[in-house]
Amino acid sequence: MALAQTPVDDAAPAPLPRRAGASRPGLQRLWSLVRKEFIEIRRDRRTLALIVGVPLLLLVIFGYAANFEVQHITTELVGHDSMPVRQALSANGRFAVRSQVAPDTASAESDIQHGRVAVAIVLDAQGLPSQVLIDGSNLLIATTAERELTALQHGTSTAPPVHVVVLYNPTLSSTDFMIPGLIGIIMTQVALVLTALGVVRERERGTIEQLMITPVTKLELMVGKTIPYLIIALFDLTFVLLVSSLLFGVHVRGDVALLFGEAFLFLTATLGMGLTISTLARTQLQATQMSVFVQLPQMLLSGLIFPLAAMPWGVRWISYLLPLTYFAAVARGVMLKGVGISDLWTETIALGVLAVAYVGFAALRFKKTLD
Amino acid sequence: MIEILAEGVVKAFGRTRVLDGVDVAVPGGELWGVVGADGAGKTTLLRCIAGLLQVDAGRVLPGRPGQSRLGFSQQGFHLYPDLTVDENIAFIGRLYGLDRATLQSSAEELLAFAGLRDRRASLAGELSGGMQQKLTLVCSLLHRPPILLLDEPTTGVDPLSRLEFWDLVEHLHVRGSTVLFASAYFDEVERCDRVVYLDHGQVAAAGTPDELRGAHATLEEAFLELTS
């Protein structure tokens with residue numbers, strides 16, 4: 001098909017008219033980048049699955065399965081039987097006592113070794129406990145059994161009972177403990193992985209070369225690639241808060257706006273990490289591997305599962321470089337304790353500093369050339 | 001006035017010198033061709049001129065990406081497979097700041113040339129290789145740049161489309177655009193005002209097609225003798 005003929009004498013092509021309302025062409029380009037990103041996300045089922053499926057999956061896993069409250073600790077009595085001991089264990093609710101009694105400690109040790117029971121209580125001729133054997137290979141079961149048996153022993157002593165009040169999580173529910181941190185993990189997943197993949201995909205497909213030719217600036221490119229994931233991560237935050245409230249009864253006691261404000265700082269820092277990964281990785285596979293490399297320490301060293309106080313200084317300094325360390329503390333504070341900004345200054349400043357540092361580092365590395 | 005320039009350009013990747021003192025100066029309104037075997041350095045030269053690669057030595061013009069007066073149709077498909085033809089065009093057009101009416105008329109004209117009018121709603125990833133190549137070209141011409149760099153834009157394009165493509169290039173040339181065209185096909189550069197032979201990152205010869213052809217029947221024969 002022939003091109004519409006234009007008179008030869010119309011000389012060199014004049015620049016085309018720009019958009020009428022484009023007094024701020026940077027904003028127009030930025031909006032175009034964001035819009036394009038959303039169209040691509042909408043048409044990419046894998047990315048959609050990451051945005052909706054992963055938060056839901058993590059929520060179910062952590063909410064239901066990752067439970068620190070150990071139940072049904074298989075237990076046996078050794079040497080003698082005792083109805084009062086059986087009744088006390090049964091009333092406690094955490095122990096499942098076998099009907100048969102092991103003849104001696106050697107037999108009980110064998111039962112523990114082969115996983116038939118986790119706890120063996122040796123009774124003397126009067127039916128009183130003289131020794132307790134606990135399977136230490138499972139830390140959670142062992143600590144729960146030890147704690148519960150000690151409590152039972154105190155309960156039967158003559159000393160006056162001490163009234164213990166647990167604040168903010170009176171039932172010591174694992175779900176209440178995990179969900180605020182889980183929100184951080186979900187947002188890390190979205191902000192870190194999707195941002196890194198989004199930029200690397202442009203490089204892998206060669207589309208970044210097309211963008212480099214256009215007047216789009218490095219800053220516009222960076223911001224345009226991150227805004228969609230910031231919006232998606234904030235959407236996921238809302239989604240997870242709603243689901244955890246409806247499904248697990250974990251509500252935000254404090255200021256929701258404060259939580260979103262802190263989440264914004266946390267996300268900015270995490271997006272900076274994602275952008276940095278995108279400047280290092282050449283392929284989507286490399287970006288995924290690097291993301292895992294960054295995510296794993298966040299989960300293990302942020303105080304989400306293991307307390308910071310228990311970590312040696314040789315490792316703990318890494319925790320202080322991770323945005324999740326501060327956001328996990330903020331989320332627990334706002335959601336469980338209902339604290340305000342006056343109690344969260346340290347974390348807020350730390351998140352702000354990390355946001356500036358990680359985004360700044362990514363900006364330094366982000367180039368608008370192919371070198 | 002020189003619109004496209006490479007002056008003593010040196011570019012190395014690691015220890016490999018891909019461009020070794022290349023000189024090309026295209027005056028305004030002329031159509032020049034760069035021809036050479038695979039690996040001669042054609043793509044690297046055009047990328048340096050566009051500013052996508054930084055030169056190790058020498059000087060280039062325009063040499064800075066992001067200029068509205070530069071259009072660069074790169075080798076291969078560099079658009080978004082998950083976006084439709086129209087969405088790709090709208091996206092690139094907006095990055096150049098085109099208003100809706102201008103974008104529409106420019107796209108209409110170029111899509112008609114490219115034979116893509118009926119495929120406007122198709123995903124770019126579902127187009128044939130030749131159609132994708134044409135779409136890449138369409139997007140690089142949307143803002144009517146007076147300076148055009150074309151890197152093997154007819155690779156993988158059927159013969160009829162190649163002819164249509166040349167119609168467009170000549171049309172742009174007649175309208176006064178300055179064009180530097182890289183190709184591995186000797187018959188294509190016959191149409192250029194001047195041709196530069198690139199061999200192992202160096203200019204082996206430069207001149208009008210007649211000058212370079214000399215006593216040989218074709219440019220290809222002349223090139224083979226020159227480089228053998």
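All residue numbers here refer to positions counted from 1 along the written sequence of the relevant chain. Starting at A for chains and at 1 for ligands, labels are handed out in the order in which the entities are written. Given that the model is predicted, a residue must reach a pLDDT of at least 70 before its local features are reported, and side-chain atom pairs must reach 80 or more before they are shown or counted; all residues, however, enter totals for whole chains, interfaces and linings.

J.: Tell me about the overall build of chain A, and please be specific about residues and values.
T.: Per the secondary structure count, chain A includes 13 helices and four strands. Out of the 371 residues in chain A, the part that is buried amounts to 37%. Put simply, 72% of the contacts in chain A that link residues at least 6 apart link residues at least 24 apart. A run of H or I in DSSP becomes a helix once it reaches four residues, and a run of E becomes a strand once it reaches two; helices and strands are each numbered from the N terminus. To assign burial, the other C-beta atoms lying within 10 Å of each residue's own C-beta are counted, with C-beta atoms placed from the backbone; 20 or more indicates buried, 12 or fewer indicates exposed, and intermediate counts indicate partly exposed. Contact between two residues is assigned when their C-beta atoms, built from the backbone, lie within 7 Å.

J.: So, the overall build of chain B: which residues are in play, and what are the values?
T.: A count of helices and strands for chain B gives eight helices and nine strands. Both definitions apply: the radius of gyration is a C-alpha atom measure, and the globule rule equals 2.2 Å times residues to the power 0.38. Against the globule reference of 17 Å for 228 residues, chain B gives a C-alpha radius of gyration of 17 Å, in line with a compact fold. The principal-axis extent of the C-alpha atoms belonging to chain B is close to 50 × 35 × 35 Å. The burial tally for chain B puts 52% of its 228 residues in the buried class. At a minimum sequence separation of 6, the contacts of chain B that also span at least 24 residues come to 68%.

J.: Let's hear about unusual backbone geometry: which residues, and what values?
T.: In most cases, non-glycine residues show a negative phi, while peptide bonds are predominantly trans. Residues and elements named next belong to chain B. Cis geometry marks the peptide bond from L61 to P62; its omega dihedral reads 0°. The residue P62 is located in the loop between strand 4 (57-61) and strand 5 (70-73) in this model. Residues other than glycine seldom take positive phi values, yet E152 does so here, at roughly 40°. Here E152 shows up in the loop between strand 6 (147-151) and helix 5 (159-174).

J.: Give a detailed account of the pairing of strand 3 (residues 119-123) of chain A, specifying residues and quantitative values.
T.: If a strand is regular, its side chains alternate between the two faces of the sheet. All names here are of chain A. Where strand 1 (residues 73-78) and strand 3 come together, four bridges link them in parallel fashion. Bridge assignment links E76 to a residue of strand 3, and that residue is A120. Two elements, strand 3 and strand 4 (residues 129-134), share five bridges in a ladder whose sense is antiparallel. Counted as the bridge partner of V122 is Q131 from strand 4. Paired strands are those between which DSSP finds at least two bridges. Hairpin geometry of strand 3 and strand 4 is characterised by an intervening segment of five residues between the two adjacent antiparallel strands and by a positive phi of about 85° at G127.

J.: Explain the packing of helix 1 (residues 25-43) of chain A against helix 2 (residues 85-95) of chain B residue by residue, including any values.
T.: How two helices sit against one another is set out by the angle between their axes and by the gap between those axes. Angles shown run from 0 to 180 degrees and are taken between the N-to-C directions of axes, each axis being a line fitted to C-alpha atoms and, for helices, limited to the stretch in contact. Contact geometry of helix 1 of chain A with helix 2 of chain B gives a least axis separation of 8 Å together with a crossing angle of 155°. For the element pair helix 1 of chain A / helix 2 of chain B, the angle class is roughly antiparallel. In the packing of helix 1 of chain A onto helix 2 of chain B, the handedness of the crossing is left-handed. Contacts from Q28, R29, S32, K36 and I39 of chain A of helix 1 of chain A reach helix 2 of chain B at E87, F91, R94 and L95 of chain B. Amino acids are sorted into nonpolar (Ala, Val, Leu, Ile, Met, Phe, Trp, Tyr, Cys and Pro), charged (Asp, Glu, Lys and Arg) and polar (every other residue, Gly among them). Per-class residue counts for the contact of helix 1 of chain A with helix 2 of chain B are three nonpolar, two polar and four charged. Note on angle classes: values under 35 degrees are labelled roughly parallel, values over 145 roughly antiparallel, values of 65 to 115 roughly perpendicular, and the remainder oblique. Helix crossings are classified by the rotation of the near helix relative to the far one: an anticlockwise turn of less than a right angle makes the crossing left-handed, while a clockwise turn makes it right-handed.

J.: I'd like to hear about the sheet that holds strand 4 of chain A, residue by residue, with values.
T.: All names here are of chain A. In space, the four strands of this open sheet follow the order 2-1-3-4, with mixed pairing throughout. Strands with a single pairing partner mark the edges of an open sheet, and in this sheet they are strand 2 (95-97) and strand 4. If you compare each strand with its neighbour and ignore which way they point, the axes differ by 30° on average. Sitting on the sheet, helix 3 (residues 83-92) is in contact with strand 1, strand 2, strand 3 and strand 4, with an inclination near 145° to strand 2.

J.: Describe the domain arrangement of chain A, naming the residues involved and giving the relevant values.
T.: One can read the domain layout of chain A as domain 1 (30-65 + 173-365) and domain 2 (73-156). Where each domain begins and ends follows an automated or database-derived domain assignment. For domain 1 of chain A and domain 2 of chain A, the distance between their C-alpha centroids amounts to 45 Å.

J.: I'd like a description of the domain arrangement of chain B, backed by residues and values.
T.: Residues and elements named next belong to chain B. Annotation of chain B at the domain level lists domain 1 (1-69 + 147-228) and domain 2 (79-144). Of note, the centres of domain 1 and domain 2, computed from C-alpha atoms alone, are 25 Å apart. Taken together, the nine residues of domain 1 in the interface contact eight residues of domain 2. In the side of domain 1 that touches domain 2, the residues fall into three nonpolar, four polar and two charged.

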